[in-house]
Amino acid sequence: ATVRLAGTRLRDIYGVELTGKCLADLEWGEKRRYWRTVYGGILASATPKNGAVRGPIAKRDFVTLFWLRLPLSDDGARVNKILCYDVAVPSISPYAAQIDQRAEVIAVNG
């Protein structure tokens, strides 16, 4: 899967430019399984997912990411795109402190 368009603020969150990157090429580190489960679940169920994770990719533990993923389909049957919305806060914020314990486990609704 390739990122078609990523806002400039996502470069701050992820530490790299995402536009045009293949998701498999990112330095996921210990979060690889987390995101594979998230995206795989969306593709399999065609339902939206949301959650929160501390350190969305390797070397970004100072960021807590609140995320929303929405499945899209060109033909109304098969998910072929996923619209992503991310909000990042420093991991030392009060909001991040509330989720730190469960963010290391897959925090996906749906």
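About the cut-offs
Residues numbered from 1 in each chain as written. Predicted model: local features only at pLDDT ≥ 70, side-chain atom pairs only at ≥ 80, totals over all residues. Heavy atoms only, no water. Salt bridge = Lys/Arg side-chain N within 4 Å of Asp/Glu carboxyl O. Buried < 20%, exposed > 50% of the residue type's maximum accessible area, 1.4 Å probe, protein only. Patch = residues over 30% accessible without salt bridge, like charges linked within 9 Å, V, L, I, M, F, W, Y side chains within 5 Å. Areas by Shrake-Rupley, 256 points an atom, 1.4 Å probe, with all protein chains shown as cover. Helix = DSSP H or I, 4+ residues; strand = E, 2+ residues; numbered from the N terminus. Core = buried A, V, L, I, M, F, W, Y, C linked by side-chain atoms within 4.5 Å. pLDDT = per-residue confidence, 0-100. Contact = heavy atoms within 4.5 Å.

Draft legend 1. Quick look at the pattern of salt bridges. Following the criterion strictly, the structure yields four salt bridges and no others. For Glu17, the salt bridge goes to Arg11, with nearest N and O atoms at 2.7 Å. For Arg11, a relative accessible area of 38% translates into the label partly exposed. Across the pair Asp74 and Lys81 runs a salt bridge, and its minimum N-O distance is 2.8 Å. Asp74 gets classed as exposed once you look at its relative accessible area, which sits at 59%.

Draft legend 2. Here's a closer look at a nonpolar patch on the surface. A cluster of nonpolar side chains, namely Leu68, Tyr85 and Val87, defines an oily patch on the protein surface of about 260 Å² accessible area. Relative to the helices and strands, Val87 is located in strand β3 (residues 81-90).

Draft legend 3. Structural detail: the environment of Phe66. When you line up the elements, Phe66 lands in strand β2 (residues 63-72). Separated by 23 residues in the primary sequence, Phe66 and Val89 place their C-alpha atoms 8.2 Å from one another.

Draft legend 4. Molecular detail of the nonpolar core. Ranked by size, the top nonpolar core spans 19 residues in total, and within it Tyr14, Leu18, Trp35, Leu65 and Trp67 carry the most contacts. Secondary-structure elements contributing two or more residues to this core are α1 (8-14), α2 (32-45) and β2. Top element by residues in this core is α2. It accounts for five residues.

Draft legend 5. Main features of unusual backbone geometry. Non-glycine residue Ala46 carries a positive phi angle of around 55°. If you trace the backbone, Ala46 turns up in the loop between α2 and β1 (49-54). A positive phi angle is found at Lys59, which is not glycine, with a value near 65°. With respect to the helices, strands and loops of the structure, Lys59 is situated in the loop between β1 and β2. Accessibility expressed as a relative area gives 78% for Lys59, which makes it exposed.

Draft legend 6. Geometry of the confidence of the model for the protein. Residues with a pLDDT of 70 or more make up 84% of the protein, whose mean pLDDT is 82. At the low end of the mean pLDDT range in the protein sits strand β4 (residues 108-109), at 38; at the high end sits α2, at 93. Within the model, the stretch residues 100-110 combines pLDDT values under 50 with 26 contacts to residues more than four positions away or in other chains.

Draft legend 7. Representation of the environment of Glu27. Among the secondary structure elements, Glu27 is positioned in the loop between α1 and α2. Classification of Glu27 as exposed rests on a relative accessible area of 60%. The spatial distance from the C-alpha of Glu27 to the C-alpha of Ile57 is 6.3 Å, given a sequence separation of 30 residues. Those residues in contact with Glu27 that sit more than four places away from it in its chain are Ile57 and Ala58.

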